[in-house]
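Structural features, examined
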Amino acid sequence: TDILRWLDRSLIRLCSRFAEYRQGDPSSFRLPMEFTIFPQFLFHLRRSPFLQVFNSSPDEAAYHRMILTRNNVNNSLVMIQPALLSYSFTGPPTPVLLDITSVKPDTILLLDT
């Protein structure tokens, strides 16, 4: 739980330092383009088996962390936050955010885990 608190404090510090917002107006919160995916990535990291050890044995937790550290950066990023691809009849597949806004009636979504 200490690492989760550290992640939360780091995210709050990052947002207070780099975000633009008006106090009391949550709709005014804006992060620079370079940081827009970072909070979503931390959301998935906090809920991944790499940090959540509830309902798993110490062996399982160690196994998940070993797999994470033995893979390259691209594979590790996909393990933390899976890639979601949107296929449509009008163009090539495009990566989309792992969010409800990606669901559209004329597309097919493929989750790469």
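Per chain, the residues get numbers from 1 upward, laid out in the order the sequence is written. Selection of residues for local features in this predicted model requires a pLDDT of at least 70, selection of side-chain atom pairs for listing and counting requires 80 or more, and totals for whole chains, interfaces and linings are taken over all residues. Only hydrogens and water are set aside when side-chain values are computed; all heavy atoms of the structure are taken into account.

1. So, the confidence of the model for the protein
Selection rule: The predictor reports its confidence for every residue as pLDDT, a score running from 0 up to 100. Only DSSP runs of H or I with at least four residues qualify as helices, and only runs of E with at least two residues qualify as strands; both kinds are numbered from the N terminus onward.
Mean pLDDT over the protein stands at 91; residues scoring 70 or higher make up 100%. Mean pLDDT per element in the protein: strand E1 (residues 20-22) is the minimum at 90, and helix H3 (residues 58-70) is the maximum at 94.

2. Focus on the sheet that holds strand E4 (residues 94-96)
Whether parallel or antiparallel, the strands of a sheet pair through hydrogen bonds between backbone atoms. The condition that has to hold: By this definition, two strands are paired if DSSP reports at least two bridges between them. Simply put, an axis is a line fit to the C-alpha atoms, just over the touching stretch for a helix, and the angle between two N-to-C directions goes from 0 to 180 degrees.
Strand order in the open sheet formed by three strands is E4-E3-E5, with antiparallel pairing between adjacent strands. Either end of the sheet is taken by a strand with one partner, and the two such strands are E4 and strand E5 (107-112). Each strand axis lies, on average, 40 degrees off the axis of its neighbour in the sheet, ignoring direction.

3. Examining helix H2 (residues 38-46)
What counts is decided by this rule: Exposure is judged per residue with a 1.4 Å probe applied to protein chains only, and the accessible area is read against the type maximum: over 50% gives exposed, under 20% gives buried, and values in between give partly exposed. When checking whether two residues touch, look at their non-hydrogen atoms; a contact exists if any pair is within 4.5 Å.
Looking only at H2, the buried set comprises Gln-40, Phe-41, Leu-42, His-44 and Leu-45. Buried positions along H2 lie against helix H1 (2-18) and helix H4 (73-80).

4. Thoughts on the pairing of strand E3 (residues 83-88)
Sheet topology note: the E3/E5 ladder contains six bridges and is antiparallel. Directly across from Ser-88, in E5, lies its bridge partner Thr-107. Pairing of E3 with E4 involves three bridges; the strand directions are antiparallel. In the strand pairing of E4, Ser-86 is matched with Thr-94. Adjacent in sequence and paired antiparallel, E3 and E4 are bridged by five residues.

5. Some words on the packing of aromatic side chains
Going by this rule: Classification of ring pairs rests on two measures: the distance between centres of Phe, Tyr or Trp rings, Trp counted by its six-membered ring, which must be within 6.5 Å, and the angle between planes, read as stacked under 30 degrees, edge-to-face over 60 and tilted in between.
Tallied over the full model, the rule gives two aromatic pairs. Ring geometry for Phe-18 and Phe-35: centres 5.0 Å apart, planes at 35 degrees, overall tilted. In this pair, Phe-18 sits in helix H1 while Phe-35 sits in the loop between strand E2 (25-30) and H2, placing the two residues 17 residues apart along the sequence.

6. Some thoughts on the nonpolar core
Within soluble globular proteins, side chains that are nonpolar tend to cluster in buried spots. Operational definition: What we call a nonpolar core is a set of buried Ala, Val, Leu, Ile, Met, Phe, Trp, Tyr and Cys residues that are connected through their side-chain atoms within 4.5 Å.
Core analysis: the largest hydrophobic core is formed by nine residues, namely Leu-4, Leu-7, Phe-41, Leu-42, Leu-45, Phe-50, Leu-51, Leu-68 and Ile-80. Contributing elements (two or more residues each) for this core: H1 and H2. With three residues, H2 is the largest single contributor of residues to this core. Beyond its immediate chain neighbours, meaning those up to four positions away, Leu-42 contacts Leu-7 and Leu-11.

7. Here we look at a nonpolar patch on the surface
Inclusion rule: Surface patches are drawn from residues lacking salt bridges whose relative accessible area is over 30%; two like charges belong together within 9 Å, two nonpolar side chains (Val, Leu, Ile, Met, Phe, Trp, Tyr) within 5 Å. Surface exposure here means Shrake-Rupley accessible area, sampled with a 1.4 Å probe, where a residue is shielded only by the protein chains that are shown. Any carboxyl oxygen of Asp or Glu that lies within 4 Å of a side-chain nitrogen of Lys or Arg is treated as forming a salt bridge with it.
Residues Tyr-87, Phe-89, Ile-108 and Leu-110 make up a contiguous nonpolar surface patch of roughly 480 Å² in combined accessible area. Looking at where Leu-110 falls in the secondary structure, it is placed in strand E5.

8. Observations regarding the pattern of salt bridges
Counted by the stated rule, this structure contains three salt bridges. Here Arg-5 ties to Asp-2 by a salt bridge, and the two come within 3.7 Å at their closest N and O atoms. Of this pair, Arg-5 and Asp-2 both sit in helix H1, three residues apart, roughly one helical turn. Here Arg-22 ties to Asp-25 by a salt bridge, and the two come within 2.7 Å at their closest N and O atoms. For Arg-22, a relative accessible area of 54% gives the class exposed. What makes Asp-25 partly exposed here is its relative accessible area of 24%.

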